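A look at the structure
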Amino acid sequence: MILTITLNTSIDKAYRLDGLLVRGSVMRVASCSDSAGGKGLNVSRSIKTCGEEVLATGFVGGNNGQLLCELLDSDGIPHEFVVVENETRCCINVLEPDGCSTEFLEAGREIHEDSLAQLEARVSALLPLVDVVTISGSIPPGLPATSYVRLISLAHAEGKPCILDTSGTALMDSLEALPTVIKPNADEISQILGKTTGTYDELLQAARELHTTGIAQVVISLGGKGALMACDEGIFHGTAPNIDVVNPVGAGDTMVGALAVGISRKLSAPEQLRFAMACATANCLSAYTGRFEKEVANRLLEQTTVEQVF
Ligand code: TA6
């Protein structure tokens, strides 16, 4: 079973427009779909789509928190959240006919540190039951940037691999806990190593350097150019087939979920990367945030290649 941890859950609202966004105007939304969001819940859906057992935890609060649990129930995602006082946030994704996607992400309401202690106790109780842990997304106001350090350490103390997918100071301040897998973008790698990683070779070198600090797998998304993975077996470059993107939102989260599935299934590192890229590409073909069709991912898997570059 895979445990997903989401401190900053969200009701994700996807607004699809009939015309291009016009600033300063009143625009009626052609369609709106709500989904249980926050990166870790997109991750949870992707794990379930892959056919693996998943359990979601983190924080929910208020009416939005209740709606989020109902949305997860309808997705068939088991959950054991710590309920907090303040309302769960909303994140808006505006989708235009030309494929442009604009996201408005609320910071979230304040969560008190005693709630984090409750979550740590909940996670500790669940760890003996799980194979892999994922931790995804931003840290809500009120909690320290080091919130993920203790959660990663709890997982490692039980011998469970832990994938961390976050950014900014939350990522920087969590590296001391040596998460098993991280998925930084090129800017974050530059920030971590304090040097530019503009060229492909600089990215390769940086991924290798980051891996040597003790992070077992460093996955770098190259957008349309695929993704890199630096690990003990070497450095691999995965390339997915070209597609017409329908909705890219959640693709990175689907990649995390598929990486967790790959680890749970004890796939080799390059096979984990290939499987994760096929699922993330399938996510981009779905109109719904953080969802994809397993059959589409299986078809894309045959067209996704991974080559060893170092
Ligand atoms: O990656 C897409 C997404 O998960 C959206 O669904 C929205 O929930 C947002 O990211 C949350 O990002 P954050 O970094 O604030 O956790």
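The structure this text deals with has already been given above.
About the criteria used
- Residues numbered from 1 in each chain as written.
- Predicted model: local features only at pLDDT ≥ 70, side-chain atom pairs only at ≥ 80, totals over all residues.
- Heavy atoms only, no water.
- Helix = DSSP H or I, 4+ residues; strand = E, 2+ residues; numbered from the N terminus.
- Rg over C-alpha atoms; globule rule 2.2 N^0.38 Å.
- Buried < 20%, exposed > 50% of the residue type's maximum accessible area, 1.4 Å probe, protein only.
- Contact = heavy atoms within 4.5 Å.
- Areas by Shrake-Rupley, 256 points an atom, 1.4 Å probe, with all protein chains shown as cover.
- Lys, Arg positive; Asp, Glu negative; His and termini not counted.
- Charge placed at Lys NZ, Arg CZ, Asp CG, Glu CD.
- Core = buried A, V, L, I, M, F, W, Y, C linked by side-chain atoms within 4.5 Å.
- Salt bridge = Lys/Arg side-chain N within 4 Å of Asp/Glu carboxyl O.
- Axes fitted to C-alpha atoms, helices over the stretch in contact; angles between N-to-C directions.
- Parallel < 35°, antiparallel > 145°, perpendicular 65-115°, else oblique.
- Left-handed = near helix turned anticlockwise from the far one by under 90°.
- Nonpolar A, V, L, I, M, F, W, Y, C, P; charged D, E, K, R; others polar.
- Pairing = 2+ DSSP bridges.

Describing the overall build of the protein
For the protein, the count of helices and strands is 10 helices and 14 strands. In terms of overall dimensions, the protein is globule-like: its C-alpha atoms have a radius of gyration of 19 Å, near the 19 Å expected for 310 residues. When the backbone C-alpha atoms are referred to their principal axes, the protein occupies close to 50 × 45 × 40 Å. When each of the 310 residues of the protein is scored for burial, the buried share is 54%. Relative to all contacts within the protein whose residues are 6 or more apart in sequence, the contacts with residues 24 or more apart total 67%. If you sum the accessible surface of the protein, you get close to 13,200 Å²; carbon and sulfur atoms cover 50% of it. Taking the average location of the 22 positive side-chain charges in the protein and that of its 38 negative ones, the two points are 3 Å from each other.

Structural notes on the nonpolar core
Core analysis: the biggest nonpolar cluster contains 47 residues, and Leu 68, Phe 81, Met 255 and Leu 259 have the highest contact counts within it. At the level of elements, helix H1 (39-49), strand E4 (54-61), helix H2 (62-75), strand E12 (227-231), helix H8 (251-264), helix H9 (269-284) and helix H10 (294-302) are the ones that each hand at least two residues to this core. When sequence neighbours within four positions are dropped, the list of residues in contact with Phe 81 reads Thr 9, Leu 41, Ala 56, Thr 57, Gly 58, Phe 59, Val 60, Leu 68, Cys 69, Leu 72 and Arg 122.

Examining the side chain of Glu 188
Assignment of secondary structure puts Glu 188 in helix H6 (residues 186-193). Buried charge without a partner: Glu 188 forms no salt bridge, and the closest opposite charge is Lys 183, 7.5 Å away. Residues in contact with Glu 188, not counting those within four places in the same chain, are Thr 166, Ser 167, Gly 168, Leu 171 and Lys 183.

Here's the deal with the packing of H6 against helix H7 (residues 200-212)
Viewed as axis vectors pointing N to C, H6 and H7 meet at an angle of 55 degrees, and their least axial separation amounts to 11 Å. One finds that H6 runs oblique with respect to H7. Considering the relative orientation of H6 and H7, their crossing is left-handed. On H7, the residues that touch Ala 186, Ile 189, Ile 192 and Leu 193 of H6 are Leu 203, Ala 206, Ala 207, Glu 209 and Leu 210. Of the residues in the contact of H6 with H7, the class split is 8 nonpolar, no polar and 1 charged.

With respect to the sheet that holds strand E11 (residues 217-221)
Pairing between the strands of a sheet is mediated by backbone hydrogen bonds and can be parallel or antiparallel. One open sheet accounts for 10 strands, arranged E5-E4-E1-E8-E9-E10-E11-E12-E13-E14; its pairing is mixed. The open sheet has two free edges, formed respectively by strand E5 (82-84) and strand E14 (305-308), since each of these has just one partner strand. Where strand E1 (residues 2-6) meets E4, 5 bridges bridge the pair, whose relative direction is parallel. Of the residues in E4, the one forming a bridge with Leu 3 is Leu 55. Across the sheet, H2 touches E4 and E5, and the angle it forms with E4 is around 165 degrees. Across the sheet, H7 touches strand E10 (181-182), E11, E12 and strand E13 (234-239), and the angle it forms with E12 is around 35 degrees.

Quick notes on unusual backbone geometry
Although it is not a glycine, Leu 178 sits at a positive phi angle of roughly 50 degrees. Mapped onto the secondary structure, Leu 178 falls in the loop between helix H5 (168-172) and E10. The exposure class of Leu 178 is partly exposed, given its relative accessible area of 33%. Phi at Lys 266 takes a positive value of approximately 55 degrees, unusual for a residue other than glycine. Take Lys 266: it is sitting in the loop between H8 and H9. Exposure remark for Lys 266: the relative accessible area of 72% places this residue in the exposed category.

Quick word on the environment of Asn 242
Mapping Asn 242 onto the fold places it in the loop between E13 and H8. Look at Asn 242 and you get exposed, because its relative accessible area is 76%. With 16 residues separating them along the chain, Asn 242 and Gly 226 place their C-alpha atoms 9.9 Å apart.

Thoughts on the sheet that holds strand E7 (residues 101-105)
Strands sit in the order E3-E2-E6-E7 across an open sheet of 4 strands; the sheet is mixed. Sheet topology places strand E3 (31-37) and E7 at the edges, where each strand pairs with a single neighbour. Mean inter-strand twist for the sheet, computed between neighbouring axes without regard to direction, equals 20 degrees. Running over the sheet, H1 touches strand E2 (10-16) and E3 and is turned about 90 degrees from E3. Sheet strands touched by H2: E2, E3 and strand E6 (89-95). Its angle to E3, the strand with the most contacts, is close to 90 degrees.

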